[in-house]
Number of protein chains: 2
Amino acid sequence: MSAVALHPNVVLFLALGVTLAAARALGEIARGFRQPAVLGEILAGIVLGPTVLGALLPGGMQVLFPAAGPAAQFLSGFHTVAIALFLLGAGMEVNFSSVVRQGRAAISISVLGLVAPFALGFAAGWLAPPLFGAEPDSSRLVFALFFAAALSISALPVIVKTLMDLNLLRTDLGVLVVAAAMFQDLVGWLVFALVLGLMSTAPGALAVGETVLLTLGFVAAMLTAGRWVVHRTLPWIHAYTAWPGGVLAFSFSLAFLCAAFTEWIGIHAIFGAFIAGVVIGDSTHLREQTRATIDQFVSNIFAPLFFASLGLRVDFLASFHPAVVLAVLGIAIAGKLLGCRLGGWLARMPARDSWAIGFAMNSRGAVEIILATVALQAGLIRERLFVALVVMALVTSMMSGPLMQWVLRRPTARRVADFLGARTFRHRVAARTAEEAIAELAPAAAEAAGLPVPVVRDAVQARELLMSTALGNGVAVPHARLPGLARPVVCVGLSGSGVEFDAADRQPAHLIVLLLTAQDDEGAQLELIADVARIFSRAEMRQAAQRAETFTQFLALLRTGQAV
Amino acid sequence: MSAVALHPNVVLFLALGVTLAAARALGEIARGFRQPAVLGEILAGIVLGPTVLGALLPGGMQVLFPAAGPAAQFLSGFHTVAIALFLLGAGMEVNFSSVVRQGRAAISISVLGLVAPFALGFAAGWLAPPLFGAEPDSSRLVFALFFAAALSISALPVIVKTLMDLNLLRTDLGVLVVAAAMFQDLVGWLVFALVLGLMSTAPGALAVGETVLLTLGFVAAMLTAGRWVVHRTLPWIHAYTAWPGGVLAFSFSLAFLCAAFTEWIGIHAIFGAFIAGVVIGDSTHLREQTRATIDQFVSNIFAPLFFASLGLRVDFLASFHPAVVLAVLGIAIAGKLLGCRLGGWLARMPARDSWAIGFAMNSRGAVEIILATVALQAGLIRERLFVALVVMALVTSMMSGPLMQWVLRRPTARRVADFLGARTFRHRVAARTAEEAIAELAPAAAEAAGLPVPVVRDAVQARELLMSTALGNGVAVPHARLPGLARPVVCVGLSGSGVEFDAADRQPAHLIVLLLTAQDDEGAQLELIADVARIFSRAEMRQAAQRAETFTQFLALLRTGQAV
C-alpha cells in the first residue's frame, strides 16, 4: 500500500493526534525546566517540520503534513479558528472595568510603558525597515507602526501566572501590573488592527479610510453598548438556558461573529475574537467556571496545535539571523523597562517596584507570536523578522519570572506536592502513637534532608511534645525547623487504623504529613502547613488519600485537587 | 461589494457563528418543550439549509454555506472531527467494567434486547432492501447487517438523563438499564464497524478479511492491554503533567490516533474514537471533572455544529417518505420492546419493570443519527432511509421519558428553580419576625396558588408555630401542604437585616423560601426543602443570593449552582 494513497481523513486524524501529543509532551518538558509551555510546543513543530523530520525523512513529513489537499485545507482553517479562540480566551482575562478604576500610578505606568517601546519601535522600523526584514515593497509607515505595536504588547497570561507563583497577584503591585498590561494590550491591539486595515489592498476590500473608521467604531460600540448588552444578557442566559452549555455557545458564537466582522472590514479575525473576549470577560455575571472551561480547551488543545504548526511552516534554523534577533530583543527590552521605570518614577514608586513592574510587563508570550504570524501571512514581514519576534517573545517571557523574583527578593509560594518524593511516601504506617509515627517517618525524612536520623526525630518529637500538631479531621502535621536545610522536606504516611495524635476533635490521624524546613526560612513552614490544611479540608480528599495505593496516585490527588 | 467576493475566512467564521447560535437557540427551545436538544439543532440546519433559507433566499445560503472552496473544505473536515469527538464523549460514558460485573438479569436483558431488534432488522433489511432505500448496487448482506445494527443501538446519554430526571439512576433498575445499554452499544458498534469493513472497496483499501481481522484485533487489544495501560498511565499524567491540560490532551491525542487507525483499516474514524473513549472512561483514575469538561465542549460546541450541518446537507422535506418512516419506526420499537420484555421475563422481573426498561432502551438519540450519516456518506443507504432513521432516533428519544414515567408512575424530581417565578420573588422583605415575613410573602404565594391569602397565610403560620422552619446559616423554609394545589408554589424573599426565625444556631434568616405543596403529594415538600438545603449549603451561594438584584440574577444562581 503506497503511503501517498492514504485517505485524507487518515491524514487529518494522524496529523492532529501526532501534533497534539508531541506538542503537549514537549510543552510539559519545557514546564519541567520552568520554561513556558509554548516553547516546547513550537519545538514540537520544529521537530515534526522541515527543520528536523523534513530533513531526515522527507517522505514521512509529506505523508503526515501534505502541503495541499483536503487535510491541508482543513488544518489551515483549523489554525485560523484556533488563534481566534486563543484571543477570545486572552480577551476574557482582560478586566476592562478594573483598568478604568485604577488610579494615577496605573495610568502613568500604562502610558509610559506603552509610549517608550512604541516610540523606539516606530523609530527603528521607520529608519531601518530592511534591517528587520520588511518586505521591500511594503509601506514604511505601515511597517513602522506594526513594529511599534509588536514591541508594545504584553503577555497577560504569563504576567498573571508569574504574579501567582510569587504570591503577588492580589497585592497592590499585582493589581497595578495587571491593569497596566491590560491597558497596553488594548491600545497595542487597536494599533495593530489599524495597521492591518491600512494594508488591506485585496480586490473588493474596503478603502483604508472605511476600514479605520469601522475599526474604531466597532471597538467603541463593543466597549460601550456591547458591554452593556452582554452584561444584561448573561444572567438571562444562565437563568433560562442549559448550564454551562448556553453560556459556552453564546461566547463562541459572539467570538465567531465578531471575528467574521473584523475579517470582513479588512482587519484580522483575531481582533474581533479578542474584543468579544474583553466584552464577555468584563461582566461580573460571568462565572469563573466558564472562563476556566474555555481556557482549558483553548490552552490545551487549540493552542498547542497552532503553535506546533508554526514550526511546521517556517524553517527556524534557516531564518535565524543573530543580528536581527539581538536588535529586536534589545529594542523590545529597553523600551519596556525604560518606559515602566519612568512611569514608576512619575508615580513616585520605589525603584525596586518599578523595575519589577518593568520585568513583568516585558514578557510578550504567545500573543506576540500570533501577532507575528498574522503579519507574516499578510505579507507585512519576512521570515527572519518573524523568527526574531518569536525568539523575543520566548526570551522575554522566560526572563520575566526569575528577574522579578530576583529584584523583589520574593520566594515562590511553596507547595507540598513540590517537595514530596516516592522515597518520602509511606503507603501504610504501622504506628499507633504520635511518637511511633514520627520515629517511623524520621529515617526517610532524614535521608532526604541529608541529616542524621536522631537529629530529625528528636527535633520533631520535641515540637510534638510542646503541643499536638493534629489539624483535626484525621490529619496531623508533625514538623520542625532545622539549621542547614537546603530545601523543605515533606514526608507522608497513611494509616488505616489511625494514629493517636491527641487531636482537639479526638479523631486519630489517618494522614500524617511530616515537614522539615530551614531554620532561617520563616515562610516555608507556615505555607506548607496551610497547603496541607487547604488540600485536605474536603472530606472526599481525605478519603481519596486513604485509597491511594502508590506514590503516583497520591501525587495525582495533590496535583489535580480532585478526588473523583 | 459583491457577495461572492467574501474572503473564505469571513465565510468560515460567519458560518460557524450563525450555525452555532441558531443551533443552540433552537436546541434550547426544544429543551423548553421537554424535547431533546438535538431536535432543535437539526431544525436549525433545516432552517438555514436548502429546505427553508435555500428556498427563500438562495443567494444568502450560497454565501453562508458555499458548496465548494476553502470554507467548505474546512467545515467538512470540522464535522468529521466533531463526530469523532462526540463518540469519544459517548465512549467515556460507557463503564465497561460495570457491564462485566452485572449479573444474570443484565445479561438476559442485554442479549435479548439486542437479539430481537437485530433479528427483526436483519430480516427486514434482507427481505426488502429497496423498501428502506438501500442503494440498488449494494450488497444485500451488508445492507441487512447495517439495518440490524442501526436498530440495535441505544442512546446512553438520553437514557442516563431520563433515569436522572426520574431519580432512578442509582437504583437497581437504573444500574441494570445502563449496563444493558452499554453492552448493546458495544456489540452494535462492533457490528457496524464490520459492516463498514465489508463495504470498503476503495482503491488501495485493505481486503475485507484483513479489515475484519484488524477490527476484531483492535477492539480486543484496546479492551484488554489498552485498558491496562491507560489505567496505569492516568495517575502518572495527573501527577507529572499540568492539570487538567495533560489529561485533556492525552484523551484527545489517543482519540485522534485511534480514529486515524480505524480510518486506515477501512472502518470509520468514529469507531476508533468511541473505543478510545470506552478505554479512558473505564479507568477509575479518570476524574469526573475531565469527563465533564470534554462533555461540555463536545455537547455544546461540536455537536450542535455537526447536527445543524445535517439539515444543511439533506433536504428533509423532499426525502420524507411516510411509509418508510413508519416501517422503520415500527420495527425499531417492536424489536426493542419485545426483546427487553422477553429478557425481563427470563430474569423473572416484574412486568412493569421490564416494560420500563424497554422504553428506556428504546431511545436511539444522537448516536443513531451519526451512524446514519456515516452510512449515507459511505453510499450504503439513500436519503429516504437516512431521514427515516433520523426521525426514528428523535421519536424514540422523545417517547422514552414520558413512557417510563407513565409505566412506573414516578414523578420527576422537583427542583426549586422550576417553580419560582418573577411574581413570587421579593428582592427585599421588610419583615423582622417570622410572622411578618410569612404575612409579607403570603399574597404572592396565594396568587400563584390560586387560593385566598388568609388560607395560605394561616396554614404556613400554623406550621411555623408548631416548630421553627429555620434550616440554620440564615436560611428558613416556611411551608404548608394545602388541598387542591395543582403544582408546588415557591416564593423567595431576601432580607438584608435578617428575620428572626428562632433558629437553633440563633442566626436571623436572610433567605426565606416559602413552599406550598399539594396535600396528597407526599414527596414534593421533602424534595423541595432538600433542594434548598443542598443549593445553599455553601456560604458563597448564600452570599451570592444576597447580591442578587433581580429575579433573573437569582434564578441564574440556582441554575448554575456557581456563585462566581
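Everything discussed here concerns the structure shown above.
Residues numbered from 1 in each chain as written. Chains lettered and ligands numbered in written order. Predicted model: local features only at pLDDT ≥ 70, side-chain atom pairs only at ≥ 80, totals over all residues. Heavy atoms only, no water.

## Examining the packing of helix 8 (residues 140–152) of chain A against helix 18 (residues 383–408) of chain A
All names here are of chain A.
(1) Moving on: For the pair helix 8 and helix 18, interaxial distance at closest approach is 12 Å and the crossing angle is 20 degrees. Put simply, helix 8 runs roughly parallel to helix 18. Both helix 8 and helix 18 take part in a crossing whose hand is right-handed. Contacts from Phe143, Phe146, Phe147, Ala150 and Leu151 in helix 8 reach Leu385, Leu389 and Met392 in helix 18.
(2) Moving on: The class makeup of the residues in the contact of helix 8 with helix 18 is eight nonpolar, no polar and no charged. (Axes fitted to C-alpha atoms, helices over the stretch in contact; angles between N-to-C directions. Helix = DSSP H or I, 4+ residues; strand = E, 2+ residues; numbered from the N terminus. Parallel < 35°, antiparallel > 145°, perpendicular 65-115°, else oblique. Left-handed = near helix turned anticlockwise from the far one by under 90°. Contact = heavy atoms within 4.5 Å. Nonpolar A, V, L, I, M, F, W, Y, C, P; charged D, E, K, R; others polar.)

## A closer look at a nonpolar patch on the surface
(1) Moving on: Side chains of B:Val47, B:Val52, B:Leu56 and B:Leu57 sit close together on the surface and give an oily, nonpolar patch of about 360 Å² of accessible area.
(2) Moving on: One can find B:Leu56 in helix 3 (residues 53–56). (Patch = residues over 30% accessible without salt bridge, like charges linked within 9 Å, V, L, I, M, F, W, Y side chains within 5 Å. Areas by Shrake-Rupley, 256 points an atom, 1.4 Å probe, with all protein chains shown as cover. Salt bridge = Lys/Arg side-chain N within 4 Å of Asp/Glu carboxyl O.)

## Quick word on the interface of chain A and chain B
(1) Moving on: Contact with chain A, which involves 71 residues of that partner, is made by 71 residues of chain B.
(2) Moving on: Looking at the side of chain A facing chain B, the largest losses of area belong to A:Phe13, A:Arg287 and A:Phe297, adding up to 12% of the total buried there.
(3) Moving on: Where chain A packs against chain B, one counts 17 residue pairs in polar contact (both at pLDDT 80 or more).
(4) Moving on: Secondary structure elements with two or more residues in the side of chain A that touches chain B: helix 1 (8–32), helix 5 (70–93), helix 11 (208–240), helix 12 (245–264), helix 14 (288–313) and helix 24 (551–560) of chain A.
(5) Moving on: Within the side of chain A that touches chain B, the residues separate by chemical class into 43 nonpolar, 21 polar and seven charged. (Buried area = accessible area lost by both parts, 1.4 Å probe. Polar contact = N/O pair within 3.5 Å; in protein donor to acceptor, adjacent residues only side chain to side chain.)

## A word on unusual backbone geometry
(1) Moving on: In this model, A:Trp243 is joined to A:Pro244 through a cis peptide bond whose omega is 0 degrees.
(2) Moving on: Summarising the element assignment, A:Pro244 is placed in the loop between helix 11 and helix 12.
(3) Moving on: Phi is positive for A:Arg506, which is not a glycine, with a value near 70 degrees.
(4) Moving on: Looking at the secondary structure, you find A:Arg506 in the loop between strand 5 (489–499) and strand 6 (509–518).
(5) Moving on: You can call A:Arg506 exposed: its relative accessible area is 61%.
(6) Moving on: In this structure, B:Asn473 takes a positive phi of about 55 degrees despite not being glycine. (Buried < 20%, exposed > 50% of the residue type's maximum accessible area, 1.4 Å probe, protein only.)

## Remarks on the relation of the copies chain A and chain B
One copy of the chain maps onto the other through a rotation about an axis followed by a shift along the same axis.
(1) Moving on: Its rotation angle being 180 degrees, the transformation that places chain A on chain B also includes 0.1 Å of axial translation and leaves an RMSD of 0.1 Å. Taken together, the rotation and translation relating the two chain copies correspond to the operation of a two-fold axis. Residues of chain A ranked by C-alpha distance from the rotation axis are headed by A:Phe74, positioned 2.2 Å from it.
(2) Moving on: Counting the interface residues of chain A, we find that 100% of their copies in chain B are interface residues as well, pointing to one common contact surface. (Least-squares fit on C-alpha atoms with pLDDT ≥ 70 in both.)

## Quick word on the pattern of salt bridges
Residues and elements named next belong to chain A.
(1) Moving on: Tallied over the full model, the rule gives 22 salt bridges over all chains.
(2) Moving on: For Arg538, the salt bridge is made with Glu540, and the minimal N-O distance between the two is 2.9 Å.
(3) Moving on: Exposure remark for Arg538: the relative accessible area of 37% places this residue in the partly exposed category.
(4) Moving on: Judged by relative accessible area, which is 38%, Glu540 ranks as partly exposed.

## Observations regarding the nonpolar core
(1) Moving on: Ranked by internal contacts, the top residues of the largest apolar core, which has 297 residues, are A:Phe146, A:Phe307, B:Phe146 and B:Phe307.
(2) Moving on: Not counting the four nearest positions on each side in its chain, B:Phe146 is found in contact with B:Phe192, B:Val195, B:Leu371, B:Ala375, B:Leu380, B:Ile381, B:Leu385 and B:Leu389. (Core = buried A, V, L, I, M, F, W, Y, C linked by side-chain atoms within 4.5 Å.)

## Considerations on the packing of helix 12 (residues 245–264) of chain B against helix 14 (residues 288–313) of chain B
Residue and element names in this part refer to chain B.
(1) Moving on: With their axes 10 Å apart at the nearest point, helix 12 and helix 14 run at an angle of 60 degrees to one another. Considered as vectors, helix 12 and helix 14 are oriented oblique to each other. The chirality of how helix 12 crosses helix 14 is right-handed. For the pair helix 12 and helix 14, the contacting residues are Val247, Leu248, Ser251 and Phe252 in the first and Thr290, Thr293 and Ile294 in the second.

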